[in-house]
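Topology and contacts: notes
Given next are the chains, with one letter for each unit.
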Amino acid sequence: MFKLCVGLEIHMQLLCQSKLFCSCSASFSSAPNRHICPICLAYPGAMPSLNHQAVVLAVRMGSALRAQICNTSAFDRKCYFYPDMPKAYQITQYRHPLIQGGYLDLDHTRIRIREAHLEEDSARTIHYPDKGEIGLDFNRAGLALLEIVTEADFCDASQASDFLKKLHRMAIDLGVSKGKMEEGSFRFDVNISIIPLTGKTQGRVEIKNLNSFRLLEKAINYEKIRQMELIENGGMVASETRSFDASLGITVPLRKKDSINDYRFLPEPDLGTLHISNDEIEAYSRNEALKDSCLEQSSNII
Amino acid sequence: MLQVILESYQTHEDQLHRQNCKLNAFISRTSLSESSLYPSYLSTTNPSLPLYGISVGVKDNIAVKGFPLSNGSRIMKDFVCPYDAFVIQKLRSAGAWIMGKTNMDEFAMGSSNEFSAFGPAINPHHPSYVPGGSSGGSAVAVASGMCSMALGSDTGGSIRQPASFCGVVGIRPSYGLVSRYGLSAFCSSLDQIGPLAKDVDSAFKLLSIIAGHDPRDNSSFHLEYEQLPENSNVTTFGIIKELDQIPMKDDVRNAYEFLKQQLSKEFQLKELSLSHFKYALPAYHVICDAEASSNLARYAGTHLGDRVNSTHYQSMLKQSRSLLLGTEVKRRIILGAYFLSSQGGQDFYHHAINAQKHIRIEMERIFEKVSFVLSPTTPDTAFRFGGKKDPVAMYYSDICTIPSSLAGLPSISIPFGKSREGLPLGMQIIGARFSEKTLHRLAKKIEELSLV
Amino acid sequence: MDRASLRHLCDLCALELNQEEEESLLGDLLRIAHEFEVLSELPPIQDSENTQRVFFRDDHPQELSEEDRQILIKNFPIQSESYLLMPALDETDASSDT
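Residues numbered from 1 in each chain as written. Chains lettered and ligands numbered in written order. Predicted model: local features only at pLDDT ≥ 70, side-chain atom pairs only at ≥ 80, totals over all residues.

Moving on, we come to the overall build of chain C. The secondary structure content of chain C amounts to three helices and three strands. For chain C, the N- to C-terminal ordering of α and β elements is α-α-β-α-β-β. Classification of the 98 residues of chain C by burial places 26% in the buried group. (Helix = DSSP H or I, 4+ residues; strand = E, 2+ residues; numbered from the N terminus. Buried ≥ 20, exposed ≤ 12 C-beta atoms within 10 Å, placed from the backbone.)

Next comes the structure, spelled out in structure tokens:
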């Protein structure tokens, strides 16, 4: 009567010494605002500078996932206001991501990867509910992330959990990510929708703030039932973002999902296109970086 | 020699002291530009450096450590900048003295310097007339002798037009020749920093110092000024029919025709068409407003600049931005958001970028036929304060300067006489990309002709 | 383009216009949408050769001096124990996109 569609979005911090677009240290620090500079603090006139190692690691991961590494990819600005984003846009890869396709095999299923791309991480927020204030720590702002988006190939919660465990292990073994969930270097959101075999297509619900595989399974199982019951009672599942409340074991609404249009994607005018040759792809995938580590690959011909 | 330098500086300093309260060219100076520090700067700086003793005014959207970076806006009026732009590092290495930060239209959006939170700058040739914008302060500072040279920024004419209105030389370099690192971004794919000075040689001297590759700016070309090609064989010049035929003030028309005639004695004149001319203004405005809307999103009272406090984040943003940003800036931000959104199913931004490509290609073809193009810098002279209430009329002032901006080509405004009211006239020459050295020679020739 | 769409745009830009500004902008938007339509007339150009390539930076961390770092912290409008402070979000918007 229902088909469950579950997809995952994983954000893994890449194991670089510095941030994605500036030379601030990427090392974890509990002291707030230690690793900051005019670039990651979005100062007027500061411009992004791409970390080569982030590209190497992304390619390595993409190759391990048997994906197509694009010889040409580009960066875009995803524009929206949020406290953890000093530029009020995130530099990501929307139109031409670095990595397309790919898959990871579990015991009895193949999970397909839709795409994966480089983007910068946001600042860390702490809450002072009594004062109605939030505190921001920009140590994390600008760290290199690889976002991996899967197809909705998961049939149940344990598959999703198995996939994440395998991906997590792979990332650590390849030296691509530290994978320390408690430090936020391996994060994931899940998208769940129900497709009724008859009747209307329903909305897609995104669940955020899951920080363990166990909680992920619980959240998926809860949400599946919530959506089924909603439809059986004649309701419609709204597309929204929800959060999993671990103590109560339920998902609760966070906010309405912004439509794609509202992000006003703009090709990043401060970064050129990312070109990688097939030789480079092969070299990076083999756990080697090229000999000349500082590569200025702009071909500026008069 | 030292005496000459000291006297020259003192003249500038006195002029500033006497005139700035009226002309409002400089909006901040700080303790770092105190005249009492000048002698020790002289004694601790290597006298053989190219800008030794030279006082330079810097537009207040260019980062200078320890100085404000107001961008002509209330939202940034108390902000003190913690780092130097690339061009400032170059100025310092060349031994220059930074005189202070100059007035500008807010966030570089304007053509008259009327949109400054610090009050307008005044045209030194006539107190009721605008100096032009957005680099109005820099143009006034140089024209009135408050400093030797100045830096401005040009997106669609913001150096050239005020240079023309104030009777000084202004250069918009080839896109990519001068690093934008440290220039508060307005329209990233069009912005360029450039020099203003009283004479052609000084302007090019300043350009040669600030130019050069910067690995931190991805739009910066791998070129130092010395590597630019020399071109000794100039035989042809062109006029663009569509620019030639626009309505112009009589005095501008006369000066332009006279110069055309004079140059025709030495170079062969070719009349060329820019068939994509009608797309230039729309493409420019879409690209600018779109990029500006994202470049200015960081000014929200969050982590830098002034904040209007509120109970919630969202209202804090709205109040800070709505109260502390000017009307023209808000207008362009919203238009820019419109051009980037898919509201109404239009794909404005991508069509504008496409139009820009067409224009660039056509302009490049023009320079296969001629070595330089001549036009007036603007179809008018400086206008009265409040004289252009309609934004469309204001934008028309940039019609001659926009095409070369879109194509990334170097262009220079050279003062060329005065109108009957005594207001300066400016003529523009445009060259192929990276042809600055050729344009230098040609600009000098025009400068000589202007004295005829 | 109607008033509701304009207000939505303003929300996206975290701006609030007064009535006069709204009227003026609505007029502009209508005119511009019409005038700038010409841009869609042109055939698309594929121009990949002329695109600037990205510059790479070596993965060497470089920290600011403590003095410079303090300047950045001092530039925060309000701070406490080195955290930048700001008002909390309205309840309906409590989660980030990353």
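From this point, the discussion proceeds with the structure in view.
Let's shift gears to the overall build of chain A. Helices and strands together make up the secondary structure of chain A, namely four helices and 18 strands. Along the first, second and third principal axes, the C-alpha set of chain A runs to 65 × 50 × 35 Å. Burial analysis of chain A (302 residues in total) assigns 50% to the buried set.

Interface size, as often reported, equals the accessible area lost upon joining of the parts. With 39 residues of chain C at the contact, the number on the chain B side is 44 residues. At the level of secondary structure, the elements contributing two or more residues to the side of chain C that touches chain B comprise α1 (3–12), α2 (19–35), α3 (66–74) and β3 (83–87) of chain C. Tallying contributions element by element places α2 of chain C first for the side of chain C that touches chain B, with six residues. Counted by class, the side of chain C that touches chain B contains 29 nonpolar, four polar and six charged residues. (Contact = placed C-beta atoms within 7 Å. Nonpolar A, V, L, I, M, F, W, Y, C, P; charged D, E, K, R; others polar.)

In terms of nonpolar packing, the biggest core is built from 255 residues, with Leu-14, Ala-58 and Val-190 of chain A together with Val-56, Leu-196 and Ala-283 of chain B touching the most fellow members. Counting residues per element, this core draws most heavily on helix α9 (residues 280–295) of chain B, which supplies nine residues. The contacts of Val-190 of chain A, once residues within four sequence positions are left out, are Val-6, Leu-8, Ala-160, Ile-207, Leu-210, Leu-216, Ala-219 and Ile-220 of chain A. (Core = buried A, V, L, I, M, F, W, Y, C linked by C-beta atoms within 7 Å.)

So, about the sheet that holds strand β10 (residues 411–418) of chain B. Residue and element names in this part refer to chain B. Taken in spatial order, the eleven strands make up an open sheet running β1-β3-β2-β4-β6-β5-β10-β11-β9-β7-β8, and their pairing is mixed. The open sheet terminates on both sides in strands that have one partner only, identified here as β1 (26–28) and β8 (268–272). Strand-to-strand twist in this sheet, taken as the mean axis angle between neighbours without regard to direction, amounts to 35 degrees. Examined bridge by bridge, strand β7 (residues 236–240) and β8 share five bridges and lie parallel to one another. Looking at β8, one finds that Ile-240 is bridged to Leu-272. (Pairing = 2+ DSSP bridges. Axes fitted to C-alpha atoms, helices over the stretch in contact; angles between N-to-C directions.)

Counting residues at the interface gives 51 residues for chain A and 34 residues for chain C. Every element with two or more residues in the side of chain A that touches chain C is listed here: β2 (50–51), α1 (52–64), β10 (124–128), β11 (133–137), β14 (205–210), β15 (240–245), β16 (250–256) and β18 (274–275) of chain A. Broken down by element, the residue count for the side of chain A that touches chain C peaks at five residues, all from β11 of chain A. Relative to strand β1 (residues 56–57) of chain C, β2 of chain A is paired through two bridges, and the arrangement is parallel. Paired with Asn-51 of chain A across the bridge in β1 of chain C is Arg-57 of chain C.

On to the packing of α9 of chain B against helix α12 (residues 348–369) of chain B, then. All names here are of chain B. Look at α9 against α12: their axes get within 9 Å of each other, and the N-to-C directions meet at 130 degrees. When the axis of α9 is compared with that of α12, the two are oblique. Crossing geometry of α9 relative to α12 is assigned as left-handed. Residues Ala-280, Ala-283, Val-286, Ile-287 and Ala-290 of α9 form the contact with α12, whose own contacting residues are Phe-348, Tyr-349, Ala-352, Ile-353, Ala-355, Gln-356 and Ile-359. The residue makeup of the contact of α9 with α12, split by class, is eleven nonpolar, one polar and no charged. (Parallel < 35°, antiparallel > 145°, perpendicular 65-115°, else oblique. Left-handed = near helix turned anticlockwise from the far one by under 90°.)

One can describe the packing of helix α11 (residues 327–340) of chain B onto α1 of chain C by two numbers: an axis separation of 9 Å at closest approach and a directional angle of 105 degrees. Looking at the two axes, α11 of chain B sits roughly perpendicular to α1 of chain C. Packed against α11 of chain B, whose contacting residues are Ile-334, Ala-337 and Tyr-338 of chain B, the element α1 of chain C presents Leu-9, Cys-10 and Leu-12 of chain C at the interface. Its residues assigned to classes, the contact of α11 of chain B with α1 of chain C shows six nonpolar, no polar and no charged.

Let us look at the sheet that holds strand β2 (residues 79–80) of chain C. Reading across the sheet, the four strands line up as β10(A)-β11(A)-β3(C)-β2(C) and stay open at both edges, with antiparallel pairing between neighbours. Of all strands in the sheet, those bounded by a partner on one side alone are β10 of chain A together with β2 of chain C. The pairing of β11 of chain A with β3 of chain C spans four bridges and is classified as antiparallel. Among the inter-strand pairings, Gly-135 of chain A is bridged to a residue of β3 of chain C, identified as Leu-85 of chain C.

For the rest of this paragraph, the subject is the confidence of the model for chain A. Put simply, chain A has an average pLDDT of 90, and 92% of its residues get 70 or more. Scored below 50 in pLDDT, residues 289–302 of chain A shows 26 contacts in the model against residues more than four places distant or in partner chains. (pLDDT = per-residue confidence, 0-100.)

Moving on: helix α15 (residues 436–450) of chain B. All names here are of chain B. Compared with the 21 Å implied by 1.5 Å per residue over 15 residues, the 20 Å span of α15 between its first and last C-alpha is a close match. Buried residues of α15: Glu-436, Thr-438, Leu-439, His-440, Leu-442, Ala-443 and Ile-446, and no others. Looking at the buried residues of α15, the elements they touch are α6 (200–210), α8 (250–264), β9 (372–376), β10 and β11 (424–431). (Expected span 1.5 Å × (residues − 1).)

Further remarks concern unusual backbone geometry. Geometrically, the link from Gly-133 of chain B to Ser-134 of chain B is a cis peptide bond, its omega value of 10 degrees lying close to zero. Turning to its location among the elements, Ser-134 of chain B is positioned in the loop between β3 (97–102) and α4 (136–143). In this structure, Ala-88 of chain A is a non-glycine residue whose phi angle is positive, near 65 degrees. Relative to the helices and strands, Ala-88 of chain A is located in the loop between β5 (76–79) and β6 (89–92). You will see that Thr-30 of chain B, though not glycine, has its phi angle at about 65 degrees, which is positive. Residue position: Thr-30 of chain B is located in the loop between β1 and α2 (38–44).

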